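The lines below spell out each chain.
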Amino acid sequence: MTDASKLEALREREAPLEMTPERFREIGRALVDRIADRMASLAQQRVLPGESPEQVRSALEARRGLPEAGAEPEGLLREAADLLFAHSAFNGHPRFLGYITSSPAPVGALGDLLAASINANVGAWKLAPMASEIEAQTIRWIAEFIGYPAGCGGLLVSGGNMANFVGFLAARAARAGWDIRRSGLAGGGKEARRLLCYCSAETHTWVQKAADLFGLGTDSIRWIEVDSRRAMSLDALRRQVEEDERQGGRPFLVIGTAGSVSTGAVDPLGGMAAFCRERGLWFHVDGAYGGFAARVSGAPAELGALGEADSVAVDPHKWLYAPLEAGCALVRDPARLTGAFSYRPPYYNFDTEALNYFELGPQNSRGFRALKVWLGLRQAGRAGYEKMIAGDCALAAHLFRLLEAHPEFEALTTSLSITTFRYVPEAWRRSIGSPDTEERLNRLNQELLNRIEAGGEVFLSNALVDGRYALRACVVNFRTAPGDIEALPGLIAGLGRETLSAMEDRAGA
Ligand SMILES: *Cc1c(COP(=O)(O)O)cnc(C)c1O
């Protein structure tokens, strides 16, 4: 083909990815119908498919090569829905109580479809005028919802890890004491080796990734002991900071946890904020799980001091029930965000006065994550969210009381919407605490958790509570009802007895 004839052929251009509006309408309606059918039958399905990786791979025909020619999208979407409906873990199921992954708000799923159709690039205002403004409004609403100052800066990121990284990097740029963005850690000379951050021993693993990725190294983390409620000991924090300063260390950041990942413990945020003000330290709060409960009635009072932090991470894909992914970083002084992230390359013709999100965070091109969060906030309103979050907490407390009253369980902790407990055969009850019984209880509960998962009727996760292997129910699920909670003790005790006899059979064999 000559160049001229190639160009001629393009005049009738038929791109293999194009879809006529009529086809889009037809295929889209069929897909939405199937999703709605699936929602209607969700509670009757298994929570987890309970299959091996081999089984899932063979359903996918994973070894099939890259298709040379294309195919009709209608069949592909049907097949994709079949595969996903048959082989997924359903966090929208009323009995999905494992980890902190919420039931997704249906309006958020539709919002994602709309956002993808617009394909706004929310890195620059010019490329996403309304989307940028919707994100800014979402940030202001989130701040208001949790009691953070309205004049703060902030942005949406992929999740809690990234939101905490943003706080960590803002702190690093603000408090290193030299121009760490330009000359790096090496530019700090001896000082660099002494940069230290402080967090409770219950802190989520994001802090290790942050210290590692941003060059400080995990030795720069001071893990502060916790008290009997698993909240940071303020005395221990003060002692460690003073000791490090005496040794020539350079404390720059204190991290408070507002709802720990294992048990929902809340650090003494008010005392920590006052201590940081006194010492000129940056105070960051990891509220990825509990932040949204800050102003919900009945929530731990310490959460109220979250508004005093220099930066806060919250996770709309947790307690705002947004479909994955959506995390949110808030920074009290908006200038600290540009102070940590802004560059202005010559190839961008963007108004420097405009709201250009690429200057406020680590990403360049950015999707329109805010839409699903914004729609959820509008559909439920502040009152609606308070009701859902308070309901989740009430169900976790209800479970705790039921377990306390049951002869085969030891209820361990309950805070926010997390309850931890373990199965204890009645005959072992009196020897709780003896090393031998503890070791056997740990093995029993670990095996029981796998049996619960394989059963597919409910999904729980685990926690280590003072060395005890605990089962952990975490309700971040507006679909969970009292009946789901009331079914658990009987269900789990039955599986506990089965697990025990399987263990005894093995020991006897
Ligand atoms: C979930 C969680 C994180 C991490 O958030 P992702 O959204 O999973 O990245 C960090 N801290 C706490 C306390 C969490 O619960």
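Residues numbered from 1 in each chain as written. Predicted model: local features only at pLDDT ≥ 70, side-chain atom pairs only at ≥ 80, totals over all residues. Heavy atoms only, no water.

Enquirer: Help me out: how do you make sense of the overall build of the protein in this one?
Expert: Counting its regular elements, the protein contains 17 helices and 11 strands. Computed over C-alpha atoms, the radius of gyration of the protein comes to 26 Å, within 12% of the 23 Å expected from 2.2 N^0.38 for 509 residues, which places it in the range of a compact globule. Taken along the three principal axes of its C-alpha coordinates, the protein extends 90 × 60 × 45 Å. A total of 509 residues make up the protein; the buried ones form 47% of that total. Looking at the protein as shown, the accessible area adds up to about 24,500 Å², and 53% of this sits on carbon and sulfur atoms. Here the protein contributes 56 positively and 63 negatively charged side chains, and the mean placements of these two sets differ by 4 Å. (Helix = DSSP H or I, 4+ residues; strand = E, 2+ residues; numbered from the N terminus. Rg over C-alpha atoms; globule rule 2.2 N^0.38 Å. Buried < 20%, exposed > 50% of the residue type's maximum accessible area, 1.4 Å probe, protein only. Areas by Shrake-Rupley, 256 points an atom, 1.4 Å probe, with all protein chains shown as cover. Lys, Arg positive; Asp, Glu negative; His and termini not counted. Charge placed at Lys NZ, Arg CZ, Asp CG, Glu CD.)

Enquirer: Looking at this structure, how should I read the site of the ligand?
Expert: The environment of the ligand is made up of 14 residues, and the closest members are Gly160, Asp286, Asp315, His317 and Lys318. Note that an oxygen atom of the ligand is positioned 2.8 Å from one of the backbone N or O atoms of asparagine 161. Spatially, the ligand is embedded in the second largest pocket. When contributions to the shell around the ligand are tallied by element, the ones reaching two or more residues are helix H7 (160-175) and helix H13 (316-319). Here the shell around the ligand gets 3 residues from one element, more than from any other, and that element is H7. For the shell around the ligand, a count of residues per class yields 4 nonpolar, 7 polar and 3 charged. (Near = heavy atom within 4 Å. Polar contact = N/O pair within 3.5 Å; in protein donor to acceptor, adjacent residues only side chain to side chain. 1 Å grid on protein atoms, 1.4 Å probe; cavity = no way out; pocket = protein on both sides within 12 Å on 5 of 7 lines; lining within 4 Å. Sits in = over half its atoms within 2 Å of the grid points. Nonpolar A, V, L, I, M, F, W, Y, C, P; charged D, E, K, R; others polar.)

Enquirer: I'm lost on helix H5 (residues 106-118) in this one. Help?
Expert: Structurally, the α-helix is built with 3.6 residues per turn, so residues lying three or four positions apart point the same way. Taking 1.5 Å as the rise per residue, H5 with 13 residues should run 18 Å; its terminal C-alpha atoms sit 19 Å apart, in good agreement. Taken residue by residue, H5 has Gly108, Gly111 and Ala115 as its buried positions. Along the axis of H5, the buried residues cluster in a sector spanning 55 degrees; they form a single face. Exposed residues on H5 whose side chains face more than 90 degrees from its buried face are Leu110 and Ala116. In the segment just after H5, asparagine 119 is the residue with positive phi, at about 55 degrees. (Expected span 1.5 Å × (residues − 1). Arc of directions from axis to C-beta.)

Enquirer: Honestly, the nonpolar core in this entry has me stumped. Any pointers?
Expert: In summary, soluble globular proteins display a tendency toward joint burial of nonpolar side chains. One finds Ile142, Ile146 and Trp319 to be the most contacted residues of the largest nonpolar core, which totals 100 residues. In this structure isoleucine 142 touches Leu156, Phe292, Val314, Pro316, Leu320, Cys328, Leu330, Val373 and Leu377, once residues within four positions along its chain are discounted. Residues Leu399, Ala411, Val424 and Ile485 belong to the second largest nonpolar core, which totals 31 residues. (Core = buried A, V, L, I, M, F, W, Y, C linked by side-chain atoms within 4.5 Å. Contact = heavy atoms within 4.5 Å.)

Enquirer: Quick question: what am I supposed to make of the state of the cysteines here?
Expert: Here is the idea: a disulfide is a covalent bond, and it sits between the sulfur atoms of two cysteines. Evaluation of the coordinates by the stated rule reveals 0 disulfides. Unpaired in this structure, cysteine 197 has its nearest cysteine sulfur neighbour in cysteine 199, at a distance of 5.8 Å. Among the residues examined, cysteine 197 registers a relative accessible area of 0% and is labelled buried. Considering cysteine sulfurs only, cysteine 393 is the nearest to cysteine 474, which forms no disulfide, with 9.5 Å between them. (Disulfide = S-S within 2.5 Å.)

Enquirer: Could you clarify how one ought to interpret the packing of aromatic side chains in this entry?
Expert: Note on aromatic pairs: each is described by the distance of the centres and the angle between the planes. Applying the stated criterion across every chain yields a total of 17 aromatic pairs. Considering the side-chain rings of phenylalanine 168 and phenylalanine 252, the 6.0 Å spacing of their centres and the 85 degrees angle between planes classify their relative orientation as edge-to-face. Here phenylalanine 252 lies in strand E4 (residues 250-257) and phenylalanine 168 lies in helix H7, a separation of 84 residues in the sequence. Accessibility classification places phenylalanine 168 together with phenylalanine 252 in one group, the buried group. Seen from their ring centres, tyrosine 348 and phenylalanine 350 are 4.8 Å apart, and the 35 degrees between their planes marks the pair as tilted. On the basis of relative accessible area, tyrosine 348 is assigned to the partly exposed category, the value being 24%. By the ring-pair criterion, three or more aromatic residues cluster together here, those being Phe145, Phe292, Tyr321, Tyr385 and Phe478. (Phe/Tyr/Trp six-rings, centres within 6.5 Å; stacked < 30°, edge-to-face > 60°.)

Enquirer: Looking at this structure, how should I read the pairing of strand E10 (residues 461-465)?
Expert: Along E10, the buried face is formed by Ser461, Ala463 and Val465; none of Asn462 and Leu464, which line the opposite face, is buried. Sheet topology note: the E10/strand E11 (residues 468-474) ladder contains 5 bridges and is antiparallel. Within E11, the position partnered with asparagine 462 by the bridge is leucine 471. Taking the residues between adjacent antiparallel strands as the criterion, E10 and E11 are bridged by 2 residues, where aspartate 466 takes a positive phi near 50 degrees. (Pairing = 2+ DSSP bridges.)

Enquirer: Can you help me understand the layout of surface pockets in this one?
Expert: The gaps of empty space that remain are located by a probe, the size of a water molecule, rolled over the atoms. Looking at the largest pocket, its volume works out to about 1,300 Å³. If you go around the largest pocket, you meet 37 residues; those closest to its centre are Leu31, Ile35, Phe85, Pro104 and Ala109. Broken down by secondary-structure element, the contributors of at least two residues to the lining of the largest pocket are helix H2 (21-41), helix H4 (73-86) and H5. With 11 residues, H2 is the single largest residue contributor to the lining of the largest pocket. Residues that form the lining of the largest pocket fall into these classes: 25 nonpolar, 7 polar and 5 charged. In this structure, the second largest pocket is lined by 31 residues; those nearest its centre are Ile100, Asn161, His204, Val261 and Lys318. Secondary-structure elements contributing two or more residues to the lining of the second largest pocket are H7, H13 and E10. (Points joined across faces, edges and corners; volume = space filled by probe spheres on them.)

Enquirer: Help me understand the pairing of strand E5 (residues 282-287) in this model?
Expert: The side chains of a regular strand alternate between both faces of the sheet. Across the 6 residues that make up E5, a large majority, 6, are buried. Burial of E5 is two-sided: the residues Trp282, His284 and Asp286 facing one way and the residues Phe283, Val285 and Gly287 facing the other way are all buried. Relative to E5, E4 runs parallel, the two sharing 5 bridges. Considered in E5, the bridge of leucine 253 is made with tryptophan 282. The parallel pair E4 and E5, bridged by helix H12 (residues 269-279), forms a crossover whose chirality is right-handed. Bridge count between E5 and strand E6 (residues 311-314): 4 bridges; the pairing is parallel. When the sheet's bridge partners are listed, glycine 287 is paired in E6 with valine 314. (Right-handed = clockwise from strand over helix to strand, strands pointing away.)

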